[in-house]
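So the chains spell out like this:
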Amino acid sequence: MARNWLVTGASRGLGREIARAALAAGETVTATARSANDVTEALGSNSRLHALALDITDEDAAVAVAQEAVELVGTIDVLVNNAGQAQLGWFETISSAQVRRQFEVNVFGTMNVTRAVVPHMRARQSGLIVTISSVNGLLANPGGSIYASSKFAVEGWIEGFAQELAPLNIKSMVVEPGMLHTDFLDDKSAEHGDIDVADYAEATRQFRSFIAAANHNQPGDPAVLAERIVSLGMSNKPPARFVFGDDAQEWATDKVNRLKMEVEQSVNIANGN
């Protein structure tokens, strides 16, 4: 049976590819972005596509869009929390306003949409929440401390919330990609710190050069990931976590191994060894 999807940040990047893949699979998609016209331009015309404008940081707007989606198609079977941005740079080069903005979008924006949709799922005792995180929800790197901290926060929240929802037959899947060949590193999605700190000047210069070189040259294929997400979204038992990409899988495995070693070390120290 076909499902009804609500996908945020669907005008470009991975969100657009997820919406495309769901439509290609015969699903119905309510796709949102700040501009509904951007969604239509990105995805074209389709009788099973409904484009709506949504700024995920606006809690009232999220409630209204969830209600409109239900009125349009009847249910929200799968919610894809995809909209987000990346605040990059060394921590001390990033202003407090930029830090707050990162959390307003990635954390509170994601919570806004989920809070708006879940009551409709609870009413039916059915649904799947797909949260697009990042391998940086598991580990952090220099230049990515603020972005990673927002993804760590999202993962901590959804891990606990998923257990609260499980008795109600509402499932959760967190997607943790590595670097995807999208425009996520463009100025529309990524922002660098704007405070000059002499001690970080050379490191910042090298980091900006790395980001510029990586932009549009990332190894991960968003279309392949989107197909996998849609396939898992249509299954009865999606995994709680889905780590995608050779880079992400390597980094995640290394983090797990390091964490295991640190726990063992802590046990030895606590026991006086």
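To start, this report covers the structure provided alongside it. Because the structure is predicted, anything quoted here is derived from the model rather than measured. (Residues numbered from 1 in each chain as written. Predicted model: local features only at pLDDT ≥ 70, side-chain atom pairs only at ≥ 80, totals over all residues. Heavy atoms only, no water.)

**Regarding the overall build of the protein**
So, point 1. Of regular secondary structure, the protein possesses 8 helices and 9 strands.
So, point 2. Here the protein has a C-alpha radius of gyration of 19 Å; the compact-globule value for 273 residues is 19 Å, and the two agree.
So, point 3. Counting only C-alpha atoms, the protein reaches 55 × 45 × 35 Å along its principal axes.
So, point 4. Residues classed as buried in the protein amount to 45% of the 273 residues present.
So, point 5. Long-range contacts, defined as pairs at least 24 residues apart, comprise 72% of the intrachain contacts of the protein with a sequence gap of at least 6.
So, point 6. Between the mean site of the 22 positive side-chain charges and the mean site of the 33 negative ones, the protein shows a separation of 5 Å. (Helix = DSSP H or I, 4+ residues; strand = E, 2+ residues; numbered from the N terminus. Rg over C-alpha atoms; globule rule 2.2 N^0.38 Å. Buried < 20%, exposed > 50% of the residue type's maximum accessible area, 1.4 Å probe, protein only. Contact = heavy atoms within 4.5 Å. Lys, Arg positive; Asp, Glu negative; His and termini not counted. Charge placed at Lys NZ, Arg CZ, Asp CG, Glu CD.)

**Considerations on helix α3 (residues 59-73)**
So, point 1. With 15 residues, α3 should reach 21 Å at 1.5 Å per residue; the first-to-last C-alpha distance of 21 Å fits that figure.
So, point 2. Residues of α3 that are buried: A62, V65, A66, A69 and V70. Looking straight down α3, one finds its buried side chains confined to an arc of 135°; they lie on one side. Opposite its buried face, α3 presents the exposed residues D60 and E71, each directed more than 90 degrees away.
So, point 3. On its buried side, α3 packs onto β1 (4-7), β2 (28-33), β3 (49-53) and α4 (96-124).
So, point 4. Its side-chain oxygen 3.2 Å from the backbone nitrogen of D60, D58 forms the N-cap of α3.
So, point 5. In the stretch just after α3, G74 is the one whose phi turns positive, near 100°. (Expected span 1.5 Å × (residues − 1). Arc of directions from axis to C-beta. Polar contact = N/O pair within 3.5 Å; in protein donor to acceptor, adjacent residues only side chain to side chain.)

**Details of the side chain of Q85**
So, point 1. Among the structural elements, Q85 can be located in the loop between β4 (78-81) and β5 (86-88).
So, point 2. Non-local contacts of Q85, meaning those with residues more than four positions away in its chain, are made with R101, Q102, V105, N106, Y147, F184, S189 and E191.

**Thoughts on the packing of aromatic side chains**
The description of two aromatic rings rests on the distance between their centres and on the angle between their planes.
So, point 1. All told, the structure shown has 3 aromatic pairs when counted by the stated rule.
So, point 2. Centroid distance F242 to F244: 6.0 Å. Interplanar angle 70°. Geometry classified as edge-to-face. (Phe/Tyr/Trp six-rings, centres within 6.5 Å; stacked < 30°, edge-to-face > 60°.)

**Topic: the nonpolar core**
So, point 1. Of all hydrophobic cores here, the largest spans 30 residues; its most connected members are W5, I18, V29 and V130.
So, point 2. Among the elements that take part in this core, helix α1 (residues 13-24) stands out by supplying 6 residues, more than any other.
So, point 3. What V130 contacts, discounting residues up to four positions off in sequence, is V78, L79, V80, N81, M173, V175 and I229. (Core = buried A, V, L, I, M, F, W, Y, C linked by side-chain atoms within 4.5 Å.)

**Examining the pairing of β2**
So, point 1. β2 sits mainly inside the fold: 6 of its 6 residues count as buried.
So, point 2. Alternating residues of β2 divide into T28, T30 and T32 and V29, A31 and A33, and every residue in both groups is buried.
So, point 3. Pairing of β1 with β2, which is carried by 4 bridges, proceeds in the parallel orientation. Each bridged residue has a counterpart across the sheet, and for N4 the counterpart in β2 is T28.
So, point 4. Each parallel crossover has a hand, and for β1 linked through α1 to β2 it is right-handed.
So, point 5. As paired elements, β2 and β3 share 5 bridges and run parallel to each other. If you follow T30 over to β3, its bridge partner there is H50. (Pairing = 2+ DSSP bridges. Right-handed = clockwise from strand over helix to strand, strands pointing away.)

**Section: the environment of M173**
So, point 1. Of note, M173 is situated in strand β7 (residues 170-177).
So, point 2. Measuring from C-alpha to C-alpha, the distance between M173 and K237 comes to 9.8 Å, with 64 residues separating the pair along the chain.
So, point 3. Apart from residues no more than four positions distant in its own chain, M173 is found in contact with L128, I129, V130, T131, I229, L232, P238, P239, A240 and F242.

**Description of the environment of V80**
So, point 1. Within the fold, V80 resides in strand β4.
So, point 2. Its relative accessible area of 0% is what places V80 among the buried residues.
So, point 3. Taking C-alpha positions, V80 is 9.6 Å from A31, a pair spaced 49 residues apart along the chain.
So, point 4. Beyond its immediate stretch of four places on either side in the chain, V80 contacts W5, L6, V7, T8, I18, V130 and I132.

**Considerations on the pairing of strand β6 (residues 127-132)**
So, point 1. Most of β6 is tucked away: 6 of the 6 residues are buried.
So, point 2. Of the two faces of β6, the one carrying G127, I129 and T131 and the one carrying L128, V130 and I132 are both buried.
So, point 3. Pairing of β6 with β7, which is carried by 6 bridges, proceeds in the parallel orientation. Each residue of the ladder has a partner; that of L128, found in β7, is K171.
So, point 4. Once the chain exits β6 it traverses helix α5 (residues 145-165) before rejoining the sheet at β7, and the crossover so formed is right-handed.

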